[in-house]
Amino acid sequence: MHPDFQRLMTEAARLTRAGELRRATASIRAALGQGSATAAETPTASDDDCLVIDVEARRVEPAPPMQQPAPASVPGGRFIAGSHTDVNGAHEYRLFVPPGWQGQTLPLVVMLHGCTQNPDDFAAGTGMNDAAREHGVFVLYPAQTQRVNASRCWNWFKHNHQQRDRGEPAMLAAMTREVMARYGIDPQRVYVAGLSAGGAMAAILGDAYPDLFAAVGVHSGLPAGAATDLPSALAAMKSGTGSIARRTAVPTIVFHGDADATVHPSNGERAVAARAGRDTPESTRARSANGREYTQRRYRDADGRVVAEHWVVHGAGHAWAGGSTQGSYTDAQGPDASAEMLRFFRTHTLPPPAR
């Protein structure tokens, strides 16, 4: 890693907030050792594969490397390491196996971490395994590597990672199907959620694979189609502007702090609008048991089913609501996003496969 990485990324974040996107791009390139910090050129589609954009302007210690031991015991379940192999090599993951599983058909939640995180860190911070344990749910945590992205960000902002059967969406869908087959997962109850870059990739997966994922959770992320390159991604993160988000038929739950300085809160509005459209929601304002106030908006379809929820966490920044300090990018004062996402997921299933 370039020795001035953190300083240059902090400067890039400052320039982004100031609207100086070309200079911000140059700082990011310099942080990765790709050019001078004074350069003003915008990267081309051919050389942006190593660029990292989704890093908050504060120091976060890198998560430790993911271990590869024999199946690890956690209270009331197992947390095991595995890998999925395709033409691009091996892709590691962690899998939570709920207690008492003996081959019965159970649901699966795919959890996509944010930048600088890994599966162990993300699982510890979100507490999703604890929520899943109570309801008998598998949880899959794919790992992004520094070989693919220097800060372990999912490449949601690149045009070649936004479509079905291409790039990271194809790899993640194949990994999901492999785990489904190995553990006899219920194909009608598979869900995907993520934080920040992971939330943006979760939205892309729901859009690209509505036949695989029954519902999507986007936390502090962006809607599918928000950007196609680095400059448009920086603009979307700064102000929520950019290309019009694609409409999706997949039920979607969104969490976003209204004080998020990394991914503008309007991206949460756009992510939920991709499913809810312009429908008028039911709105409730309350205070979580942990301290923060929030506004919950529920959108129903013509049959009265809640097909989208938008949780705005007041005063919260770029962090998983209700998370644990054992992981990075968490806000313990917020409502429990993991429990609420799992509740939302459990009300949605895909139709049975045609015979």
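Higher on the page you've got the structure.
Cut-offs used in this document
Residues numbered from 1 in each chain as written. Predicted model: local features only at pLDDT ≥ 70, side-chain atom pairs only at ≥ 80, totals over all residues. Heavy atoms only, no water. Helix = DSSP H or I, 4+ residues; strand = E, 2+ residues; numbered from the N terminus. Buried < 20%, exposed > 50% of the residue type's maximum accessible area, 1.4 Å probe, protein only. Contact = heavy atoms within 4.5 Å. Areas by Shrake-Rupley, 256 points an atom, 1.4 Å probe, with all protein chains shown as cover. Pairing = 2+ DSSP bridges. Axes fitted to C-alpha atoms, helices over the stretch in contact; angles between N-to-C directions. Parallel < 35°, antiparallel > 145°, perpendicular 65-115°, else oblique. Nonpolar A, V, L, I, M, F, W, Y, C, P; charged D, E, K, R; others polar. Disulfide = S-S within 2.5 Å. Core = buried A, V, L, I, M, F, W, Y, C linked by side-chain atoms within 4.5 Å. Left-handed = near helix turned anticlockwise from the far one by under 90°. Phe/Tyr/Trp six-rings, centres within 6.5 Å; stacked < 30°, edge-to-face > 60°. Salt bridge = Lys/Arg side-chain N within 4 Å of Asp/Glu carboxyl O.

Brief notes about the overall build of the protein
Turning to step 1, where the next piece is worked out: In terms of regular secondary structure, the protein is built from nine helices and 13 strands.
Turning to step 2, where the next piece is worked out: Counting across all 355 residues of the protein, residues that qualify as buried make up 56%.
Turning to step 3, where the next piece is worked out: The long-range share in the protein, meaning contacts at least 24 apart out of those at least 6 apart in sequence, stands at 65%.
Turning to step 4, where the next piece is worked out: With an accessible surface of roughly 14,500 Å², the protein has 50% of that area assigned to carbon and sulfur atoms.

Observations regarding the pairing of strand E5 (residues 138-142)
Turning to step 1, where the next piece is worked out: When you tally the buried positions in E5, you get five out of five residues, the bulk of the element.
Turning to step 2, where the next piece is worked out: Burial of the side chains of E5 extends over both faces: Phe138, Leu140 and Pro142 are buried on one face and Val139 and Tyr141 on the other.
Turning to step 3, where the next piece is worked out: Sheet topology places strand E3 (residues 89-97) next to E5; four bridges connect them, and they run antiparallel. Paired with Tyr93 across the bridge in E5 is Pro142.
Turning to step 4, where the next piece is worked out: Strand direction decides the pairing type here: strand E4 (residues 108-112) and E5, joined by three bridges, are parallel. If you follow Val110 over to E5, its bridge partner there is Leu140.

Focus: the packing of helix H5 (residues 167-183) against helix H6 (residues 197-208)
Turning to step 1, where the next piece is worked out: Viewed as axis vectors pointing N to C, H5 and H6 meet at an angle of 75°, and their least axial separation amounts to 10 Å. Judged by the inter-axis angle, H5 sits roughly perpendicular to H6. Counting all contacts with H5, which are made through Glu168, Pro169 and Leu172, the residues of H6 involved are Met201, Ile204 and Leu205.
Turning to step 2, where the next piece is worked out: Within the contact of H5 with H6, the residues separate by chemical class into five nonpolar, no polar and one charged.

A closer look at the state of the cysteines
Turning to step 1, where the next piece is worked out: Summed over all chains, the structure comprises one disulfide.
Turning to step 2, where the next piece is worked out: Covalently, Cys115 is tied to Cys153 through a disulfide, its sulfur atoms 1.9 Å apart. Between Cys115 and Cys153, the S-S dihedral sits near 130°, and the bridge is therefore right-handed. With Cys115 in the loop between E4 and helix H3 (119-126) and Cys153 in the loop between E5 and H5, the pair connects residues that are 38 residues apart, well separated along the chain. In this pair, the class of Cys115 matches that of Cys153, namely buried.

Remarks on the nonpolar core
Turning to step 1, where the next piece is worked out: Leu95, Leu108, Leu112 and Trp156 are the most contacted members of the largest nonpolar core, which totals 53 residues.
Turning to step 2, where the next piece is worked out: It is H6 that contributes the most residues to this core, eight residues altogether.
Turning to step 3, where the next piece is worked out: Leu108 has contacts with Leu95, Val137, Phe138, Val139, Leu140, Thr176, Met180, Ile185, Arg189, Val190 and Tyr191, leaving out every residue within four places of it along the chain.

Digging into the packing of helix H4 (residues 128-135) against helix H9 (residues 337-346)
Turning to step 1, where the next piece is worked out: The contact between H4 and H9 brings their axes to 9 Å, and the two run at 40°. Compared by their axis directions, H4 and H9 come out oblique. When the axes of H4 and H9 are compared, the crossing they make is right-handed. Mapping the contact onto sequence places Met128, Ala131, Ala132 and His135 in H4 and Ser338, Ala339, Leu342 and Arg346 in H9.
Turning to step 2, where the next piece is worked out: A class-by-class count of the residues in the contact of H4 with H9 yields five nonpolar, two polar and one charged.

A short note on the pairing of strand E11 (residues 306-313)
Turning to step 1, where the next piece is worked out: Burial analysis of E11 places eight of its eight residues in the buried class, the great majority of the element.
Turning to step 2, where the next piece is worked out: As paired elements, strand E10 (residues 293-300) and E11 share seven bridges and run antiparallel to each other. From the neighbouring strand, Arg300 faces E11, where its bridge partner is Val306.
Turning to step 3, where the next piece is worked out: With antiparallel pairing between neighbouring strands as the criterion, E10 and E11 make up a hairpin whose turn holds five residues, including Gly304 at a positive phi of roughly 90°.

Here's the deal with the environment of Arg297
Turning to step 1, where the next piece is worked out: For Arg297, the position within the fold is in strand E10.
Turning to step 2, where the next piece is worked out: The partly exposed category is assigned to Arg297, whose relative accessible area is 28%.
Turning to step 3, where the next piece is worked out: Sequence separation between Arg297 and Pro281 is 16 residues; the distance between their C-alpha atoms is 5.6 Å.
Turning to step 4, where the next piece is worked out: For Arg297, the residues in contact, after removing those within four places along its chain, are Pro281, Glu282, Ser283, Ala308, Glu309, His310 and Val312.

Re the packing of aromatic side chains
Turning to step 1, where the next piece is worked out: Going through the model one piece at a time under the given rule, you end up with eleven aromatic pairs.
Turning to step 2, where the next piece is worked out: Their ring planes at 90° and their centres at 6.4 Å tell us that Phe122 and Tyr141 sit as a pair that is edge-to-face. Of this pair, Phe122 sits in helix H3 while Tyr141 sits in strand E5, and the two are 19 residues apart along the sequence.
Turning to step 3, where the next piece is worked out: Seen from their ring centres, Phe138 and Tyr183 are 5.5 Å apart, and the 50° between their planes marks the pair as tilted.

Let's talk about the pattern of salt bridges
Turning to step 1, where the next piece is worked out: A complete count under the given rule lists 13 salt bridges for this structure.
Turning to step 2, where the next piece is worked out: With its nearest N and O atoms 3.0 Å apart, the salt bridge here joins Arg94 to Asp120. Within this pair, whereas Arg94 is found in strand E3, its partner Asp120 is found in helix H3, the two being separated by 26 residues in sequence.
Turning to step 3, where the next piece is worked out: Classification of Asp120 as partly exposed rests on a relative accessible area of 23%.
Turning to step 4, where the next piece is worked out: Between Arg343 and Glu340 there is a salt bridge, with its nearest N and O atoms 2.7 Å apart. Residue Arg343 and its partner Glu340 are both found in helix H9; the two are separated by three residues, about one turn of the helix.
Turning to step 5, where the next piece is worked out: The partly exposed category is assigned to Glu340, whose relative accessible area is 22%.

Nothing here speaks to function; it is geometry throughout.
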